[in-house]
Amino acid sequence: MVTHEDSKNLQISWPFWRFILLGLNILALILSTVLSWHYLQGGSMIGCSGGSPCNQVLNSPWSMIAGILPVTGLSAGVYLAIMVASFYIGPTTETPVRRIAWSAMLMLAGSVAGSAVWFTIIQKWIIGDFCLYCLTTHITGLLLAALVIWRAMKELNNYSEEIPPANPAIIQNVSTAAPKYIIRPFSPVILALIGVALAGVMAAFQIVFTPAIVYREGHSQNIFSSIDYHSVPIIGSPDAPYTVTFLFDYQCSHCQRVHLMLDETIRRFRGKLAFALCPAPLNSQCNPYIPGGLDNFKNSCELAEIGLAVWLANRGAYSSFDNWMFTFESGDRWYPRSLESARTKAVELVGQSRFDAARTDPWIGQYMHNSVQIYGQTIQNGRGGVPKLIFGSHWIIPGINKADDLVRILQNNLKVPMH
C-alpha cells in the first residue's frame, strides 16, 4: 500500500522536470537508434527514399565519422549515457555518486548541444538539405541540454534542503557532514563548455578527414540500356567521344546543383564530353523502385513527361526549358517548379498544338521506362537515389558544390578520359 509519505518522497525524488528529462532522453535515444539501424541495414526511413532531402543528409559522407562510425550511432551512445546518469541525480543517491552523475550529464549535454549546432550547419551550408528526423533529434537534444544545465544551476542550493522533511535527524546529520554544494559555483558552465569542446574536437576531426565528394558509387555487371545519343535529350554534342548518362529528377535539389555544373564541365573537357539526360522520377507512379507515399516528388513523373514533350515538339527549345526548370529567380534557395508553371512554360516555348501532340507520343513512356530501368540497375544494398552519373558500368552519386569537384570525380571515379 502506497502511503502519503511514500507519495511525497516520490515527488521529491522524481519531480516533474525529471520526467520531462527522461522523456526527452528516450525520444532522442529512439530516433538515434532507429536512424543507426536503418543506416546499417541499408534501408530508408519513411519519406527518405530516392533523392529526398533527408536521404541526401542521411547518406552523405558527413553522416559518418572517418567513414567508419555512423554519427547517429555515436549520438545513441551519448543519449544512453545521459539516461543512465539521470537515475543517480536524485536526493536519495549518495553525494559523491550524485556529483559524478551531474558532472557526466553536464559534459554530455554540452557535447549534445555542440554537435546539434555543428550538424545543423552542415545541413544548411554544406549539404544544402535538411533531414526532418535529424532536426527533430537536434531540437530534442538542445532542449535536453538546456534542461540539464538549468537544473544543475539549481543544484548550487544547499543539499540538505532537498532531504524530505519527514527525516529531521537525517537533515541534521547531512547539514553538518555533507559538502555544502553538490555542484560547485560555475561548475555547470565549465563542465558544459568541456562538452562543447569535445563536440568541437569531433567537428575538427571530420574537417581534417574531409569526406569524399562521392555519396555512393558502384559497378554494375548488368549491361545498361543502349541509348542512341542522337535521339535523346543531351547537353553537349551527341558526337562527343565520351558521354555520361545523367539520371535526375526535376524536383531534386542536388540534381539542380549538379545540372548547373554540366556546361562548365563540358568546357573543361574541351567539348569531348556530353551528358545524356535521363529522367528518373522519384515517384512510384512511374518508377517501381520507389516506395509509395513520397509527397516531395508527387509531380515528378508529370514534370519529366512535360520536359520530354518539349524535346519532341522542338529540340531547339528543350535547352531553354531544361535550364529554366533548374534555375531560380530570387532568393538564396532553389524551389522546384510547379506543374502548372512547367506546362505554361512548355506551351510558351513550343506552342499548344505541338505540345499536345507530343504528349501523346509513346516514345515518352518508352524513354522514361528505359531511364527507370537504368536507375534500378544501379540500386545498391536497397539504396537508390539521384543525381546519378553513369559511364560504362561505373556509376556515382556525387556530393559536390563546384565544377572542380565534378571534373575530379569524372576522372577519378568514373574514369572518363580528360584528353
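Just so it is clear, the structure is predicted and the values come from calculations on it, not from any experiment.

Draft legend 1. Structural context of the nonpolar core. Counting 65 residues, the largest nonpolar core has V244, F275, F321, L389 and L410 as its most contacted members. Looking at this core element by element, the count peaks at eight residues for helix α11 (residues 300–313). In this view, V244 contacts L273, A274, F275, A276, L389, I390, F391, L410, L414 and V416; residues no more than four positions away in its chain are not counted. In this structure, L24, A109, V112 and L191 belong to the second largest nonpolar core, which totals 26 residues.

Draft legend 2. How the structure looks around the pattern of salt bridges. Under the definition given, this model contains seven salt bridges. A salt bridge links R343 to E302; its shortest N-O distance comes to 3.4 Å. In this pair, R343 sits in helix α13 (residues 339–350) while E302 sits in helix α11, placing the two residues 41 residues apart along the sequence. On the basis of relative accessibility, which here comes to 32%, the residue R343 falls in the partly exposed class. A salt bridge links D405 to R408, with the nearest nitrogen and oxygen atoms 2.9 Å apart. On the criterion of helical spacing, the pair formed by D405 and R408 is a turn pair, its members being three residues apart in helix α16 (residues 403–412). Relative accessible area serves as the criterion here: at 39%, R408 is assigned to the partly exposed category. Taken together, the shared-partner salt bridges connect E264, R267, R268 and D404 into one network.

Draft legend 3. Fine view of the state of the cysteines. The full count for this structure, using the stated rule, is one disulfide. One disulfide bridge connects C286 with C301, the sulfur atoms lying 2.0 Å from each other. Between C286 and C301, the S-S dihedral sits near -90°, and the bridge is therefore left-handed. Here C286 is found in the loop between β6 (273–279) and α11, whereas its partner C301 is found in helix α11, with 15 residues between them in sequence.

Draft legend 4. Spatial organisation of the packing of aromatic side chains. Applying the stated criterion across every chain, the model contains 15 aromatic pairs. Ring plane angle 45° and centroid distance 5.4 Å describe the contact between W14 and F19, whose orientation is recorded as tilted. Exposure remark for W14: the relative accessible area of 21% places this residue in the partly exposed category. Their ring planes at 40° and their centres at 6.2 Å tell us that F321 and W324 sit as a pair that is tilted. Note that F321 and W324 are positioned in helix α12 (residues 315–325) at a spacing of three residues, about one turn of the helix. Accessibility classification places F321 together with W324 in one group, the buried group. Ring-pair connections join several aromatic residues into one group, and the members of that group are F246, F248, Y250, F321, W324, F326 and W334.

Draft legend 5. Layout of α12. Regarding α12, the residues found buried are A317, Y318, F321, D322, W324 and M325. Along α12, the residues classed as buried sweep out an arc of 160° about the axis, all on the same side. Buried residues in α12 make contact with β4 (234–235), β5 (242–248), α9 (253–259), β6, α11 and α13. Put simply, N314 is the residue that caps the front of α12, since its side-chain oxygen is 3.0 Å from the backbone nitrogen of G316.

Reading the values: rules and limits
Residues numbered from 1 in each chain as written. Predicted model: local features only at pLDDT ≥ 70, side-chain atom pairs only at ≥ 80, totals over all residues. Heavy atoms only, no water. Core = buried A, V, L, I, M, F, W, Y, C linked by side-chain atoms within 4.5 Å. Buried < 20%, exposed > 50% of the residue type's maximum accessible area, 1.4 Å probe, protein only. Helix = DSSP H or I, 4+ residues; strand = E, 2+ residues; numbered from the N terminus. Contact = heavy atoms within 4.5 Å. Salt bridge = Lys/Arg side-chain N within 4 Å of Asp/Glu carboxyl O. Disulfide = S-S within 2.5 Å. Phe/Tyr/Trp six-rings, centres within 6.5 Å; stacked < 30°, edge-to-face > 60°. Arc of directions from axis to C-beta. Polar contact = N/O pair within 3.5 Å; in protein donor to acceptor, adjacent residues only side chain to side chain.

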